[in-house]
Every structure is written in structure tokens, then in C-alpha cells.
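# Observations on the three-dimensional arrangement
What follows is the residue order along each chain.
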Amino acid sequence: MPAEPDGPLATIAGALRRERERVGISLTELARRAGVAKSTLSQLESGTGNPSMETLWALSRALNVPLGQLVEPATGGVRVIRAGDGPQVGSEQADFTGSLLSAGAAHLRRDIYLIKLEPGAIRTADAHTPRSVEHVVLAAGRLRVGPESGPVEIEPGDYAAFPGDAPHRYEALLPGTVAVLVMEHP
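Residues numbered from 1 in each chain as written. Predicted model: local features only at pLDDT ≥ 70, side-chain atom pairs only at ≥ 80, totals over all residues. Heavy atoms only, no water.

Looking at the secondary structure, you find Asp 111 in strand S3 (residues 110–117). Accessibility expressed as a relative area gives 1% for Asp 111, which makes it buried. Of note is the side chain of Asp 111, whose polar atom sits 3.4 Å from the side chain of Tyr 113. (Helix = DSSP H or I, 4+ residues; strand = E, 2+ residues; numbered from the N terminus. Buried < 20%, exposed > 50% of the residue type's maximum accessible area, 1.4 Å probe, protein only. Polar contact = N/O pair within 3.5 Å; in protein donor to acceptor, adjacent residues only side chain to side chain.)

In C-alpha cells:
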């Protein structure tokens, strides 16, 4: 008998099942809405898949929930995530990883991420939920970020905010680029 999944995969598996059942759709229908293979979704719900950032975003859009609601375990009290620890999700498009630091509660609808990028490929993102906003504070490196129609370059200490409900991009311009991303969802 296979072992029960634990850690981030178990959190994702449980959240996907819970949210899919809340919406009242089948595995097949969620896979269709998200544009992912049914076998991939089945693996994720069983805790055996290895999701990319793009897959998780597609599923969160199809379920109309912030991504953080799918990947953050419920906790109480003080929570510390040491540098380099915590669940990290990579991108299929670029040398980009995101670590969810805090997901907003249902009434807050905001997520906080630590993102790490390396120069090379550009991480593009489809539009998120309507009226969503992304806030980025650059900690290290140099970053081109924002809507596809007009990204901006920021340096350490700079802050940029832009609509998350339009296609947008993240492009590291220097090695070791690190930023804090806060996503607001209405």
C-alpha cells in the first residue's frame, strides 16, 4: 500500500480535492477548465504529482481561488519560515521559483511570496482574477516586471505595483535576483 503523501504535496492534494468538491465539478471538468491533463490532476490529487507554477496557477484560476489557498497548510500561532526553507514551486518557462510565505484568509485574499529568478528565459503569467494587483519589492539583483504592454525595471529597494488581471512578466536582469511579491485578490 503506498504511503500517504506529506508536506507540500499533501497540502496541495487536499486543497485541490476540497476546492473541486466545493465548486461541485468532476476531475475531468476541472482538468478541462484548467487546460491540464486529467492524469496530471489525478496525480496531484493523490499527492504523487510534481506541479509547476504554471499548472498551479491554471488550477487556481479554474477554481477561482488564490494560488496560496492551494499550497499553504493551515496554521495557528507564530509561524517562521527560515531562509531557504519552505515549499518551493518552479516554473516550466524560466529559472524562477516561488515560495509562498503567507496565504490570505478567505476574507483577506492576499498571498505573500519570496521569488528567486535567474537571467535567461522570461517568466510570463496569464491574467489572474479580475481586479487583482501584484506588488513587488526587489531585495537583490535587477528585475524587469509588469504588464506585457509596459514592464518596468526595478533595483534593490524599489517597489512596483501593477494589475495582475492582464498578462504580465518577470525577467531577471542580474544573477541572484530576489523579490517579495504580494498578490491581492478581490
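Next up on the list: the pairing of strand S10 (residues 177–184). Every second residue of S10 is oriented toward a common face, the buried set being Thr 177, Ala 179, Leu 181 and Met 183 and the non-buried set Val 178, Val 180, Val 182 and Glu 184. The sheet contact formed by S3 and S10 spans eight bridges and is antiparallel. Across the sheet, the residue bridging to Ile 115 is Ala 179, located in S10. Pairing between strand S5 (residues 133–140) and S10: seven bridges, direction antiparallel. Bridging from a neighbouring strand, Val 133 pairs with Glu 184 of S10. (Pairing = 2+ DSSP bridges.)

One can describe the packing of helix H2 (residues 27–34) onto helix H3 (residues 38–46) by two numbers: an axis separation of 9 Å at closest approach and a directional angle of 115°. Crossing of H2 against H3: the hand is right-handed. Counted together, Leu 27, Thr 28, Leu 30 and Ala 31 of H2 and Lys 38, Leu 41, Ser 42 and Glu 45 of H3 form the full contact between these two elements. Partitioned by chemical class, the residues of the contact of H2 with H3 number four nonpolar, two polar and two charged. (Axes fitted to C-alpha atoms, helices over the stretch in contact; angles between N-to-C directions. Left-handed = near helix turned anticlockwise from the far one by under 90°. Contact = heavy atoms within 4.5 Å. Nonpolar A, V, L, I, M, F, W, Y, C, P; charged D, E, K, R; others polar.)

Moving on to the sheet that holds strand S7 (residues 152–154). The strand order S4-S9-S6-S7 describes an open sheet built from four strands, whose pairing is antiparallel. Since the sheet does not close on itself, it has two edges, and those belong to strand S4 (123–125) and S7, each with one partner. Taken pair by pair, the neighbouring strands of this sheet meet at an average axis angle of 20°, ignoring direction. Pairing geometry for strand S6 (residues 143–147) and S7, over three bridges, is antiparallel. Pairing of Leu 143 across the sheet is with Ile 154, part of S7.

What follows deals with the pattern of salt bridges. Applying the stated criterion to the full structure yields 13 salt bridges. Here Glu 45 and Arg 20 are joined by a salt bridge, their closest N and O atoms 2.6 Å apart. Within this pair, whereas Glu 45 is found in helix H3, its partner Arg 20 is found in helix H1 (residues 7–23), the two being separated by 25 residues in sequence. Accessibility assignment for this pair places Glu 45 and Arg 20 in one class, buried. Within this structure, Arg 142, Arg 144, Glu 148, Glu 153, Glu 155, Arg 169 and Glu 171 form a network of salt bridges that share partners. (Salt bridge = Lys/Arg side-chain N within 4 Å of Asp/Glu carboxyl O.)

Moving on: helix H4 (residues 53–63). Judged by how many residues are buried, H4 sits mostly within the fold: ten of eleven residues are covered. Taken residue by residue, H4 has Met 53, Glu 54, Thr 55, Leu 56, Trp 57, Ala 58, Leu 59, Ser 60, Ala 62 and Leu 63 as its buried positions. Immediately beyond the C-terminal end of H4, within one or two residues, lies Asn 64, with a positive phi of roughly 60°.

Quick look at H3 now. Within the span of H3, buried status applies to Leu 41, Leu 44 and Glu 45. Down the axis of H3, the buried set is contained in an arc of 95°. They therefore lie on one face. Positive phi appears at Gly 47, one or two residues downstream of H3, with a value of about 80°. (Arc of directions from axis to C-beta.)

What follows covers a nonpolar patch on the surface. There is a patch of nonpolar side chains on the surface, built from Val 137, Tyr 159 and Val 180 and spanning about 250 Å² of accessible area. Within the element layout of this structure, Val 137 appears in strand S5. (Patch = residues over 30% accessible without salt bridge, like charges linked within 9 Å, V, L, I, M, F, W, Y side chains within 5 Å. Areas by Shrake-Rupley, 256 points an atom, 1.4 Å probe, with all protein chains shown as cover.)

A separate point is the pairing of strand S9 (residues 168–172). Within S9, five of the five residues are buried, which leaves it mostly tucked inside the rest of the structure. Where S4 lies against S9, three bridges are found, and the strand directions are antiparallel. Looking at the pairing, Ala 125 lines up with His 168 of S9. Bridge count for S6 against S9 is five bridges, and the pairing is antiparallel. Across the sheet, residue Arg 144 finds its bridge partner in S9, namely Glu 171.

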